[in-house]
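These are the residues of each chain, in order.
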Amino acid sequence: MIRLPWNLLEAVAGSRNPRPGGRRGGVRPAGTTWYRLGKPAPQEIRPARPGAGPREFAACGTGCGSPQVMASRGQGDMAAPREAEIRKAVQTYYGQVLKKSADLQTSACVTAARLVPKHIREALRNVHEEVSSRYYGCGLVIPECLENCWILDLGSGSGRDCYVLSQLVGETGHVTGIDMTESQVEVAKKYIEYHMEKYGFQTPNVTFLHGYLENLEETGIKNESYDIVISNCVINLVPNKQAVLQEAYQVLKHGGELYFSDVYANLELPEEIRTHRILWGECLGGALYWKDLAVLAQKIGFCTPRLVTANLITVQNKELERVIGDCRFVSATFRLFKLPKTGPAERCQVIYNGGITGHEKELIFDANFTFKEGEIVEVDEETAAILKNSRFAQNFLIRPIGEKLPACSVSSALGSKGIITDPFKLAGESDDVKPRCSSDVAGGCCP
Ligand SMILES: C[S@@+](CC[C@H](N)C(=O)[O-])C[C@H]1O[C@@H](n2cnc3c(N)ncnc32)[C@H](O)[C@@H]1O
């Protein structure tokens, strides 16, 4: 559940009146008119550009129901006026207004504490307090089987997820964080030595870069150089979502995956929401219609998105509720695999051999597949191809259906219940059973 953070509303749009009894986040962007939400409609916001209506960005393009294909890498570097304007507002908010996660005053705790494995809880506890206190994510983006992996974090902020992953990939792995907000990158860089010493690493295995997700090449990131790309509550803030997904695809090795948490809508958002600068800043106006993720993924060449977790977001602000109307939002984690183009795949039976750190007995791969050590599971063609061609291959015995697998005590086939792809359905199913996270475990709130 997300309670809208007053200070972001104040930051992006300004506030005439301080929130009653509330904390003020920081500086006011120059030239904005200040008002407080919850009062009558915020008509006083200065138009975004000459000709734009009050409280509006210019009309949205890619990733807002009308995705366009970016022809090649690097086209995202020349930010269109609207994109530049959004970037500036986002940079001001994350660079100057927010000082710590608690300033958000949200309850977007989307990760069930009881599902966080012990080794990740321990890794989270090792992260420096200043880094953790500036965490603004909306999910847990720590996949499995990480030893020696090269990982890229898109929109790494102060670097909390990078430092957790840096421990889990080990000294022979590497983590790169990239973010466009300089002060966040500075905080992240400040603690490299602290963490390396804490982990007992001779050579730092983490690098932080200042740059834009829409053009990774510009920052010196090479094609096909990462095993995993992660991102935590960032892509909703980028107008050109296709450019970001395309860039992620380009820099992934074959068999690699994009594992990311973000905010999604239950429909193609109407223009009133897409162009509402407060809702954009709130991570809602830029939310992708969840079905569009599969469309974008297919266009770019990723496999079908694999839904991992989902939690409903609720908005507790009368004025914004009115604008939002019947639209609903969910925070969800998906995994998108980039597979080598090989021949036709076939349905298979697979056995998990165990052995993945922290998931020795059971590997919860996504909302549909849980692999228990030694158990036969029948999987569809694409899941078989993913397991065969990714870093998980070494942990599975995989045979086409018909070929005999070694005798096992339990046999389990993909049941008739069907594959869950809708995060709203999953959130509806799981919302009541998941406890709210505790800040020392997964933390994380989406502004
Ligand atoms: C909600 S914060 C999440 C930060 C971090 N992932 C975390 O979990 O703490 C969003 C981050 O995305 C960054 N960001 C947004 N748009 C970006 C873009 N186009 N290029 C690079 N960074 C961007 C912002 O600077 C901000 O640090």
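Residues numbered from 1 in each chain as written. Predicted model: local features only at pLDDT ≥ 70, side-chain atom pairs only at ≥ 80, totals over all residues. Heavy atoms only, no water.

Per an unreviewed UniProt entry, the recorded name for the protein is Arsenite methyltransferase, and the organism is Enhydra lutris kenyoni. Reading the Sequence similarities (unreviewed entry) entry of the UniProt record for the protein gives the comment "Belongs to the methyltransferase superfamily. Arsenite methyltransferase family." (UniProt positions renumbered as here; feature names shortened; annotations may be inferred.)

A.B. asks: How should the overall build of the protein be read in this particular structure?
C.D. replies: A count of helices and strands for the protein gives 14 helices and 14 strands. Accessible area for the protein stands at about 17,800 Å²; split by element, carbon and sulfur atoms hold 50% of it. (Helix = DSSP H or I, 4+ residues; strand = E, 2+ residues; numbered from the N terminus. Areas by Shrake-Rupley, 256 points an atom, 1.4 Å probe, with all protein chains shown as cover.)

A.B. asks: Can you walk me through the nonpolar core in this structure?
C.D. replies: In summary, soluble globular proteins display a tendency toward joint burial of nonpolar side chains. Counting 38 residues, the largest nonpolar core has Leu152, Leu154, Val229, Leu258 and Tyr264 as its most contacted members. Counting only domains with at least three residues in this core, you end up with domain 1 (85–338) and domain 2 (348–432). Counting residues in hydrophobic clusters, the runner-up holds 33 residues, among them Leu124, Leu140, Leu168 and Tyr259. (Core = buried A, V, L, I, M, F, W, Y, C linked by side-chain atoms within 4.5 Å. Buried < 20%, exposed > 50% of the residue type's maximum accessible area, 1.4 Å probe, protein only. Domains from an automatic or database assignment.)

A.B. asks: Teacher, can you tell me more about the site of the ligand here?
C.D. replies: In the region of the ligand, 22 residues are neighbours, and Tyr136, Gly155, Asp179, Thr181 and Glu214 sit closest. Between the ligand and Gly137, the relevant distance is 3.1 Å, taken from an oxygen atom to a main-chain nitrogen or oxygen of the residue. Interatomic distance of 2.5 Å between a side-chain N/O atom of Thr181 and an oxygen atom of the ligand. Burial of the ligand by the protein amounts to 99% of the accessible area it has alone, namely 590 Å². Here the shell around the ligand is built from residues that sort into 12 nonpolar, 7 polar and 3 charged. (Near = heavy atom within 4 Å. Polar contact = N/O pair within 3.5 Å; in protein donor to acceptor, adjacent residues only side chain to side chain. Nonpolar A, V, L, I, M, F, W, Y, C, P; charged D, E, K, R; others polar.)

A.B. asks: In this structure, what is going on with the pairing of strand E1 (residues 150–154)? I would like to understand it.
C.D. replies: If a strand is regular, its side chains alternate between the two faces of the sheet. Of all 5 residues that make up E1, 4 are buried, and the element is covered over most of its length. Bridge analysis of E1 against strand E2 (residues 174–179) gives 5 bridges, and the strand direction is parallel. Directly across from Ile151, in E2, lies its bridge partner Val175. With 4 bridges connecting them, E1 and strand E4 (residues 226–232) associate as parallel partners. (Pairing = 2+ DSSP bridges.)

A.B. asks: Would you mind going over the packing of aromatic side chains with me for this structure?
C.D. replies: Pairs of aromatic rings are described using the distance from one ring centre to the other and the angle between the two planes. Considering all chains together, one arrives at 12 aromatic pairs under this definition. A ring pair is formed by Trp150 and Tyr226, whose centres lie 6.4 Å apart and whose planes are at 55°; its orientation type is tilted. Linking Trp150 in strand E1 with Tyr226 in strand E4, this pair joins segments that are 76 residues apart in sequence. Using a relative accessible area of 37% as the deciding quantity, one classes Trp150 as partly exposed. (Phe/Tyr/Trp six-rings, centres within 6.5 Å; stacked < 30°, edge-to-face > 60°.)

A.B. asks: Whenever I open this one, the environment of Asn236 confuses me. Can you help?
C.D. replies: Mapped onto the elements, Asn236 comes out in the loop between E4 and helix H8 (241–251). Judged by its relative accessible area of 1%, Asn236 is buried. With 45 residues separating them in the primary sequence, Asn236 and Gly281 have C-alpha atoms 9.3 Å apart. If sequence neighbours within four positions are ignored, Asn236 has contacts with Lys241, Asp262, Val263, Trp280, Cys283, Gly286 and Ala287. (Contact = heavy atoms within 4.5 Å.)

A.B. asks: I keep staring at the pairing of strand E13 (residues 396–400) and nothing clicks. Help me out?
C.D. replies: Burial along E13 is one-sided: the residues Phe396, Ile398 and Pro400 are buried and none of Leu397 and Arg399 is. Where strand E9 (residues 348–352) meets E13, 5 bridges bridge the pair, whose relative direction is antiparallel. Residue pairing in the sheet places Tyr352 in a bridge with Phe396 of E13.

A.B. asks: Could you clarify how one ought to interpret the environment of His210 in this entry?
C.D. replies: Assignment of secondary structure puts His210 in strand E3 (residues 206–210). Residue His210 is classed as partly exposed on the basis of its relative accessible area of 39%. Along the primary structure His210 and Asp179 are separated by 31 residues, whereas in three dimensions their C-alpha atoms are 5.3 Å apart. Ignoring any residue separated from it by four or fewer positions in sequence, one finds His210 in contact with Asp179, Met180, Thr181, Glu182, Val185 and Thr219. Within the structure, His210 has its side chain in polar contact with the backbone oxygen of Met180 (distance 2.9 Å).

A.B. asks: Just checking my understanding: could you explain unusual backbone geometry for this structure?
C.D. replies: Only a minority of non-glycine residues have a phi that is not negative, and only a minority of peptide bonds are not trans. A positive phi angle, near 65°, is found at Cys145, a position not held by glycine. Note that Cys145 resides in the loop between helix H4 (129–133) and E1. Among the residues examined, Cys145 registers a relative accessible area of 10% and is labelled buried. Phi at Asn148 is positive, roughly 70°, even though this residue is not glycine. Note that Asn148 resides in the loop between H4 and E1.

A.B. asks: In this structure, what is going on with the confidence of the model for the protein? I would like to understand it.
C.D. replies: Should the pLDDT be low somewhere, the predicted coordinates at that spot are not to be read in detail. On average, residues of the protein score 78 in pLDDT, and 71% of them reach the 70 mark or higher. Within the model, pLDDT remains below 50 along residues 1–77, and this stretch shows 199 contacts once partners closer than five positions in the same chain are excluded. (pLDDT = per-residue confidence, 0-100.)

A.B. asks: Can you help me understand helix H13 (residues 381–389) in this one?
C.D. replies: Each full turn of the α-helix corresponds to 3.6 residues, which orients residues three or four apart in the same direction. Along H13, the residues classified as buried are Thr383, Ala384, Ala385, Ile386 and Leu387. Taken together, the buried residues of H13 touch strand E7 (306–313), strand E8 (329–337), E9, strand E11 (370–372), strand E12 (376–379) and E13. Among the residues of H13, the N-terminal cap falls to Asp380, whose side-chain oxygen and the backbone nitrogen of Glu382 are separated by 3.1 Å.

A.B. asks: Help me understand the packing of helix H3 (residues 118–125) against helix H5 (residues 160–169) in this model?
C.D. replies: The relative placement of two packed helices comes down to the angle between their axes together with the axis-to-axis distance. Relative orientation of the contacting elements H3 and H5 amounts to 120°, with a least axis distance of 9 Å. Classed by the angle they form, the pair H3 and H5 counts as oblique. With respect to the hand of their crossing, H3 and H5 are arranged in right-handed fashion. Between H3 and H5, the residues in contact are His119, Ile120, Ala123 and Leu124 and Arg160, Val164, Gln167 and Leu168, respectively. The class makeup of the residues in the contact of H3 with H5 is 5 nonpolar, 2 polar and 1 charged. (Axes fitted to C-alpha atoms, helices over the stretch in contact; angles between N-to-C directions. Parallel < 35°, antiparallel > 145°, perpendicular 65-115°, else oblique. Left-handed = near helix turned anticlockwise from the far one by under 90°.)

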